[in-house]
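Residues per chain are reported as follows:
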Amino acid sequence: MKFRKVMTLAMAAVLGASLLAGCGNSAKDTQDNAPAESTTGAAATSTVPTVTEGKLIMATNAYFPPYEYYEGNEIVGIDVEIAEAIGEKLGLEVEVQDMEFDSIITAVSTGKADIGLAGMTVTPERQKNINFTDTYATGIQSVIVREDSDIQTIDDLQGKKIGVQLSTTGDIKASEQFGEENVEKFNKGNDAVMALSQGKIDAVIIDNQPALSYVASTDGLKILDTQYAEEEYAACIAKGNDALLDAVNGALAELKEDGTIQSILDKYISAE
Ligand code: GLN
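On a predicted model such as this, the values are computed, not experimentally measured, just so you know. (Residues numbered from 1 in each chain as written. Predicted model: local features only at pLDDT ≥ 70, side-chain atom pairs only at ≥ 80, totals over all residues. Heavy atoms only, no water.)

Student: Residues and numbers for the overall build of the chain, please.
Tutor: A tally of helices and strands in the chain yields nine helices and 12 strands. In the chain, which comprises 272 residues, the share counted as buried stands at 44%. Residue pairs in contact within the chain that sit at least 24 positions apart in sequence constitute 72% of those at least 6 positions apart. For the chain, the accessible area works out to roughly 14200 Å², and carbon and sulfur atoms hold 51% of it. (Helix = DSSP H or I, 4+ residues; strand = E, 2+ residues; numbered from the N terminus. Buried < 20%, exposed > 50% of the residue type's maximum accessible area, 1.4 Å probe, protein only. Contact = heavy atoms within 4.5 Å. Areas by Shrake-Rupley, 256 points an atom, 1.4 Å probe, with all protein chains shown as cover.)

Have a look at this one:
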């Protein structure tokens, strides 16, 4: 009786030790094999690699209506809604960071943000530094002048003072065609439009949707009836983060397929 009891205790101790050891081992195995994001349990809903777990940090320049602009303290617009729809698909919470347009590609490529969404045109030059997702919208470069301007065509811009937003495709194209010395570069599109309205410059070259928006909200301006250049907008993602690129492209494909992208565009852009 006594002997049996001792045996039982001894067996229990051995069993316990091996169970503990077993537990330890299997826990360790799980940790070693599983991707870092899934080890925190219920809080982690996404396995997509991002700068901050569970977040999709979006870099933008919030002076590009209707793609991104301030409504009070909040940044809203087409790109914000598209990011939120992507975030929802991927289980990531969107955080919007406003910065100079010129800083977006650097922020994304140096791991300060996950995705650049800024009505950004795909160009071969930019593709050297960043990867672009599939495109989700198109843009056209427009020319804004004062209502009483003698500028009627693109050719009339020769020798005039042209305002652009720094490092945008409007800047690149205008600088190439009309010479750096004739191009005044502003950090924000609306600063360029303000300078035009105050007579400090003769024209502004900027994407068509912000152009429409600025002309509607500023007296005495008009858009030339000419299409300077057609472009494709896409989101940018750091080179090397193919998992995020694939995940975003997958989400974009679904959002195009089910009409979400179109309905977001239609909400902000009225058909003329
Ligand atoms: N589409 C233009 C570009 O990519 C302008 C974008 C912007 O100003 N946000 O350069």
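Student: Mind laying out the site of the ligand, listing which residues take part and the relevant values?
Tutor: In the region of the ligand, 13 residues are neighbours, and G119, T121, Q165, T169 and D207 sit closest. A distance of 2.8 Å separates a nitrogen atom of the ligand from a polar atom in the backbone of A118. Protein chains shield 100% of the accessible area of the ligand, which is 300 Å² for the free molecule. (Near = heavy atom within 4 Å. Polar contact = N/O pair within 3.5 Å; in protein donor to acceptor, adjacent residues only side chain to side chain.)

Student: Which residues make up the pairing of strand β10 (residues 203–207), and what are the values?
Tutor: Burial analysis of β10 places five of its five residues in the buried class, the great majority of the element. Note: strand β7 (residues 131–146) against β10, four bridges, orientation antiparallel. Note on β10: the bridge partner recorded for V143 is I205. (Pairing = 2+ DSSP bridges.)

Student: Would you mind going over the pattern of salt bridges in detail, with residue names and values included?
Tutor: With the rule as written, the count across this model stands at eight salt bridges. Here K128 ties to E125 by a salt bridge, and the two come within 3.1 Å at their closest N and O atoms. (Salt bridge = Lys/Arg side-chain N within 4 Å of Asp/Glu carboxyl O.)

Student: Talk me through the packing of helix α2 (residues 78–90) against helix α8 (residues 242–257); I want residue IDs and the actual numbers.
Tutor: Look at α2 against α8: their axes get within 9 Å of each other, and the N-to-C directions meet at 110 degrees. By the angle between their directions, the pair α2 and α8 is classed as roughly perpendicular. For the pair formed by α2 and α8, the contact residues are I82, A85, I86, K89 and L90 on the first element and A247, V248, A251, L252, E254 and L255 on the second. Taken together, the residues of the contact of α2 with α8 break down into nine nonpolar, no polar and two charged. (Axes fitted to C-alpha atoms, helices over the stretch in contact; angles between N-to-C directions. Parallel < 35°, antiparallel > 145°, perpendicular 65-115°, else oblique. Nonpolar A, V, L, I, M, F, W, Y, C, P; charged D, E, K, R; others polar.)

Student: Explain the packing of aromatic side chains to me, and be specific about the residues and the numbers.
Tutor: Summed over the entire model, instances satisfying the criterion amount to four aromatic pairs. Note on Y63 and Y70: the rings are 5.9 Å apart at their centroids and 50 degrees apart in plane angle, and the pair reads as tilted. A relative accessible area of 24% means that Y63 is categorised as partly exposed. Taking relative accessible area as the criterion, Y70 reaches 35% and is therefore assigned partly exposed. Lying over the aromatic face of Y63, K188 brings its terminal NZ or CZ to 4.9 Å of the ring centre. (Phe/Tyr/Trp six-rings, centres within 6.5 Å; stacked < 30°, edge-to-face > 60°. Lys NZ or Arg CZ within 6 Å of the ring centre and 35° of its normal.)

Student: Can you lay out the confidence of the model for the chain for me, pointing to particular residues and giving the numbers?
Tutor: Model confidence for the chain is summarised by a mean pLDDT of 87, while 83% of its residues fall at 70 or above. This stretch, residues 1–44, has a pLDDT under 50; its non-local contacts, to residues over four places away or in other chains, come to eight contacts. (pLDDT = per-residue confidence, 0-100.)

Student: Give a detailed account of unusual backbone geometry, specifying residues and quantitative values.
Tutor: Here the residue pair P65 and P66 is connected by a cis peptide bond, since its omega of 0 degrees sits within 30 degrees of zero. Within the fold, P66 resides in the loop between β2 (63–64) and β3 (68–71). Backbone geometry at S167 places phi at a positive 70 degrees, although glycine is not the residue there. Here S167 shows up in the loop between β8 (162–165) and α5 (169–178).

Student: Which residues make up the environment of V193, and what values do they have?
Tutor: Note on placement: V193 falls in helix α6 (residues 189–197). By relative accessible area, which is 2% here, V193 ends up buried. The sequence separation of V193 and A203 amounts to 10 residues, and the corresponding C-alpha distance is 8.4 Å. In this structure, V193 is in contact with I144, V204, Y214, T218 and L221, ignoring residues within four places of it in sequence.

Student: Break down a negative patch on the surface for me, with residues and values.
Tutor: Together, E71, E74, E84 and E88 make up a negatively charged patch on the protein surface. Inspection of the secondary structure puts E88 in helix α2. Assessed through its relative accessible area of 69%, E88 is described here as exposed. (Patch = residues over 30% accessible without salt bridge, like charges linked within 9 Å, V, L, I, M, F, W, Y side chains within 5 Å. Lys, Arg positive; Asp, Glu negative; His and termini not counted. Charge placed at Lys NZ, Arg CZ, Asp CG, Glu CD.)

Student: Hey, could you go over the side chain of T168 for me, with residue numbers and the actual values?
Tutor: Position of T168 relative to the elements: it lies in the loop between β8 and α5. In this structure T168 touches F101 and R126, once residues within four positions along its chain are discounted.

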